[in-house]
Amino acid sequence: MSAPRVGPRVKPSTPARRTSWLPSFLLLLGAIYCLVPVLWVVMAATKGRSELFSTFTFLPGSGLWANLSELTAYRDGVYWLWMLNSGLYAGVGALLSAAVSALSGYALAKYSFPGRSVIFTVILAGVLMPPIALAVPQYLLLAEVDLAGSYWSVLLPSVLSPYGIYLARVYAGAAVPDEVLEAARVDGARDLRLFTSIALPMMRPGLVTIFLFQFVAIWNNFLLPYVMLADDETFPVTVGLYSLLQQGASKPALYTLVITGALLSIIPLIALFLGLQRYWRVDLLTGAVKS
């Protein structure tokens with residue numbers, strides 16, 4: 001029997017080298033695009049009135065503490081009242097919105113009832129609705145019950161978030177196993193106990209995300225409070241800084257206050273992001289269901 005013929009070894013064709021650097025490069029460009037305005041605000045807030053338009057854009061100045069003192073003294077500290085109002089609107093509104101989203105999303109995900117798909121479709125339509133189209137109808141509705149111009153005129157429209165309900169519904173469907181709920185029902189747990197003791201802890205990371213998204217949205221919201229509010233003592237920081245910016249057309253000295261105020265308004269959002277990071281875990285269902 002003849003030995004098998006051994007021919008020359010042919011190297012397998014190597015695939016084209018992937019350009020793995022391209023996604024990183026695009027992400028870097030996106031990060032630069034987002035961070036350059038923030039860097040400009042940081043640098044501009046350190047400049048005094050004479051330095052703001054006369055020095056290089058990204059060079060720091062020497063007027064930060066003077067700007068902070070002037071901003072605090074402006075109209076007896078009205079800026080800090082605006083910050084407090086923003087904290088009230090965003091904190092209470094986001095907390096109530098997360099609670100409503102949790103209840104609604106859990107019910108849509110885990111209960112079968114007539115019209116469930118229709119309700120979910122309407123909620124999806126609400127996600128696509130631009131807020132600018134709702135501001136005037138909301139003002140007219142709240143004006144009918146004498147709430148326009150009050151704190152409630154900003155808080156109440158912020159409680160119901162179609163996007164938050166959508167996220168809670170999707171998250172509850174994935175994070176709360178039906179087997180766990182059925183086992184708790186067999187043990188005698190009722191619906192309220194199922195939600196508070198079983199579903200809510202499993203949904204906590206998703207609800208933190210909803211709270212954070214809604215907090216940032218309300219904190220940065222300009223149109224709704226601009227339409228609803230007339231008294232500057234009820235303004236959030238966005239509308240308050242806009243009123244300062246309008247006055248800056250005739251008083252250029254106020255530009256430094258607007259920029260310093262914009263820088264300070266970012267700090268609570270950064271602190272909130274850093275403080276809530278620990279709730280975003282990979283093992284969201286550790287201990288709930290084991291295969």
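Now for a description of the structure that goes with this document. What you see is a predicted model; the values in this text were computed from it and never measured.

Basis of the calculations
Residues numbered from 1 in each chain as written. Predicted model: local features only at pLDDT ≥ 70, side-chain atom pairs only at ≥ 80, totals over all residues. Heavy atoms only, no water. Helix = DSSP H or I, 4+ residues; strand = E, 2+ residues; numbered from the N terminus. Buried < 20%, exposed > 50% of the residue type's maximum accessible area, 1.4 Å probe, protein only. Areas by Shrake-Rupley, 256 points an atom, 1.4 Å probe, with all protein chains shown as cover. Expected span 1.5 Å × (residues − 1). Bend = angle between axes of the 7 residues up to and from the residue. Contact = heavy atoms within 4.5 Å. Axes fitted to C-alpha atoms, helices over the stretch in contact; angles between N-to-C directions. Parallel < 35°, antiparallel > 145°, perpendicular 65-115°, else oblique. Left-handed = near helix turned anticlockwise from the far one by under 90°. Nonpolar A, V, L, I, M, F, W, Y, C, P; charged D, E, K, R; others polar. 1 Å grid on protein atoms, 1.4 Å probe; cavity = no way out; pocket = protein on both sides within 12 Å on 5 of 7 lines; lining within 4 Å. Points joined across faces, edges and corners; volume = space filled by probe spheres on them. Salt bridge = Lys/Arg side-chain N within 4 Å of Asp/Glu carboxyl O.

A count of helical and extended segments in the protein gives 13 helices and 0 strands. From first element to last, N terminus to C terminus, the protein shows the α and β order α-α-α-α-α-α-α-α-α-α-α-α-α. Counting every position in the protein, which comprises 291 residues, the buried fraction comes to 34%. When the accessible surface of the protein is split by element, carbon and sulfur atoms take 68% of a total near 18300 Å².

Once that is clear, we can look at helix α1 (residues 21-45). In this model α1 runs 36 Å from its N-terminal to its C-terminal C-alpha over 25 residues, within 8% of the 36 Å that 1.5 Å per residue would give. Approximately 30° is the largest bend angle found in α1, and it occurs at Leu35, with the proline Pro37 only one to four residues beyond. When we look at burial in α1, the residues that qualify are Val41, Met43, Ala44 and Ala45. Residues of α1 that are buried in the fold lie against α2 (49-52), α3 (64-73) and α13 (254-276).

On to the packing of helix α4 (residues 78-110) against helix α7 (residues 152-159), then. Two numbers describe how α4 lies on α7: the axes approach to 8 Å, and their chain directions differ by 30°. Looking at the two axes, α4 sits roughly parallel to α7. Helix-helix and strand crossings are classified by hand; for α4 and α7 the assignment is right-handed. Contacts between α4 and α7 involve Leu88, Tyr89, Val92, Gly93, Leu96, Ser97 and Val100 on the former and, on the latter, Val154, Leu155, Ser158 and Val159. Taken together, the residues of the contact of α4 with α7 break down into 8 nonpolar, 3 polar and no charged.

Of the pockets and cavities examined, the largest pocket occupies roughly 750 Å³. Forming the boundary of the largest pocket are 27 residues, of which Pro131, Pro157, Leu160, Pro162 and Gln214 lie nearest the centre. For the lining of the largest pocket, the secondary structure elements donating two or more residues are α5 (116-128), α6 (132-144), α7, α8 (162-175), α10 (191-220) and α11 (223-228). Per-class residue counts for the lining of the largest pocket are 20 nonpolar, 7 polar and no charged.

Below, the discussion takes up helix α12 (residues 237-247). Those residues of α12 lying buried are Val237, Val239, Gly240, Leu241, Ser243 and Leu244. Against α4, α10, α11 and α13 lie the buried residues of α12.

It is worth spelling out empty space enclosed by the protein at this point. Throughout the structure, instances matching the rule amount to 1 cavity of 30 Å³ or more. Considering only enclosed or pocket space, the largest cavity measures out at about 40 Å³ in volume. Lining of the largest cavity is provided by Ser86, Tyr89, Val154, Ile218, Trp219, Asn221, Pro225 and Pro236.

For the coordinates displayed, the defined rule picks out 4 salt bridges. Its salt-bridge partner being Asp232, residue Arg75 comes within 2.6 Å of it at the nearest N-O pair. One end of the pair, Arg75, is in the loop between α3 and α4; the other, Asp232, is in the loop between α11 and α12, with 157 residues separating them in the sequence.

What follows is about unusual backbone geometry. Although it is not a glycine, Asp76 adopts a positive phi angle of roughly 60°. By the secondary structure assignment, Asp76 is in the loop between α3 and α4. A relative accessible area of 79% means that Asp76 is categorised as exposed.

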